[in-house]
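So the chains spell out like this:
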Amino acid sequence: MLWVLFLLVAWGAATVSCVRLCLVSARTGLLSGASAEDVGSIAAGHELTLYETAFLAGGPHRVIDLVLAGMHLRRRLLLAHTGWATVVDPEGRDEMERTVIRAIGPRGQAPIPPIRTAAAGADAVRALADRLVAAGLALPEDAGTDVAAAVRAVRGAAALVVAMGAVTLLMPGQEHGPGGPVMSLLVWFGLPLALTVGCLAIARMEVHPYSSWASPAGQRLLAAHDVPDAGAHRDVLAAIAVRGVRAVDDPALRAALGGGTS
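Residues numbered from 1 in each chain as written. Predicted model: local features only at pLDDT ≥ 70, side-chain atom pairs only at ≥ 80, totals over all residues. Heavy atoms only, no water.

Positioned with a positive phi, R75 is a non-glycine residue whose angle comes to about 60°. Looking at the secondary structure, you find R75 in the loop between α4 (60–73) and β1 (77–79). For R75, a relative accessible area of 62% corresponds to the exposed category. (Helix = DSSP H or I, 4+ residues; strand = E, 2+ residues; numbered from the N terminus. Buried < 20%, exposed > 50% of the residue type's maximum accessible area, 1.4 Å probe, protein only.)

With 79% of its residues at a pLDDT of 70 or more, the protein chain has an overall mean of 82. Mean pLDDT across the secondary structure elements of the protein chain bottoms out at helix α2 (residues 36–45), with 51, and peaks at helix α5 (residues 95–104), with 95. (pLDDT = per-residue confidence, 0-100.)

Before going further, it helps to examine the packing of aromatic side chains. Per the stated rule, a full pass over the model turns up one aromatic pair. Ring centres of F55 and W213 lie 5.7 Å apart, and the angle between their planes is 65°; this geometry places the pair in the edge-to-face category. Placement of F55 in helix α3 (residues 50–58) and of W213 in the loop between α10 (190–207) and α11 (216–223) is noted, with a sequence separation of 158 residues between them. The class of F55 is buried, set by a relative accessible area of 5%. (Phe/Tyr/Trp six-rings, centres within 6.5 Å; stacked < 30°, edge-to-face > 60°.)

Here the focus is the packing of α5 against helix α6 (residues 112–120). Running from N to C, α5 and α6 cross one another at 130°; their axes reach a closest spacing of 9 Å. By the angle between their axes, α5 is oblique relative to α6. Every pair of crossing elements has a handedness; the one defined by α5 and α6 is right-handed. Mapping the contact onto sequence places T99, V100, A103 and I104 in α5 and I115, A118 and A119 in α6. (Axes fitted to C-alpha atoms, helices over the stretch in contact; angles between N-to-C directions. Parallel < 35°, antiparallel > 145°, perpendicular 65-115°, else oblique. Left-handed = near helix turned anticlockwise from the far one by under 90°. Contact = heavy atoms within 4.5 Å.)

With that out of the way, let us pick up the sheet that holds strand β2 (residues 84–87). Backbone-to-backbone hydrogen bonds join strands into a sheet, with any given pair of strands oriented parallel or antiparallel. Ordered in space as β1-β2-β3, the three strands form an open sheet in which the pairing is antiparallel. Only two strands of the sheet have a single partner each, and these edge strands are β1 and β3 (109–111). Averaged over neighbouring strand pairs, the angle between their axes works out to 20° when direction is ignored. Of the strands in this sheet, β1, β2 and β3 touch α6, which is tilted by about 90° from β3. (Pairing = 2+ DSSP bridges.)

Turning our eyes to something else, we now look at the nonpolar core. Ranked by internal contacts, the top residues of the largest apolar core, which has 46 residues, are L56, L68, L79, V100 and L257. Top element by residues in this core is α4. It accounts for eight residues. Not counting chain neighbours up to four residues away, the residues in contact with L79 comprise L68, A69, H72, W84, A85, I112, L253, A256 and L257. (Core = buried A, V, L, I, M, F, W, Y, C linked by side-chain atoms within 4.5 Å.)

Another aspect to go through is the side chain of S215. Mapped onto the fold, S215 is located in the loop between α10 and α11. Note on S215: relative accessible area 7%, which makes it buried. A distance of 2.6 Å separates a polar side-chain atom of S215 from the backbone oxygen of G136. Here S215 is in contact with G136, L137, A138 and L139, once residues within four sequence places are set aside. (Polar contact = N/O pair within 3.5 Å; in protein donor to acceptor, adjacent residues only side chain to side chain.)

In structure tokens, the structure reads:
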């Protein structure tokens, strides 16, 4: 009757992981995301700025990379391929630029990675995130990460159910119940497997892609925006906001920002 223990383990893993995914999704409001009509009304009344686009597409670090690239292109900041930033114009045009200048420090020069880290946690970026969350376009802090982790847990539970069923089938001298070992495997372990697979299918339809930043409404709004090819400064910045550093054609600028997480 050792197979009963394996069955309990399989059911326990499947139940706990699926309940966790449901609770996390319900708590963040993902399963009741905005409809296409709602997103249309949001899009009509809310034109995303480059900073907002960058946050929804890549989070705080993407926003700072956008600011750094924009200041570099306007000759207000010099980004070296060695990964250092040097202030050329100490007067920021907006609060994001002033945040980056403060993160560089009084010496006017600093490595880009610590600048990015310090500026990404500053009040200006947090205020941007709060506005997007209040508008229903961004997820609360860590919500997207929690959903992705819960999905991985359900996948792990599905693999565990299959493993427990295989072990039950291959163990010699065990009583598998009526119908023989194969029927036991299909009947007793098929239900928790169906639970996990069904939960994953629903999650893929309702919450995929498992963004750490944009809500379903924010993802649809991002998808509705065309990303221009590299050209004028604003086109380059728009591409960086959506695609990240990989959208940069200039190898020196890409090398300077390449250590980022965007």
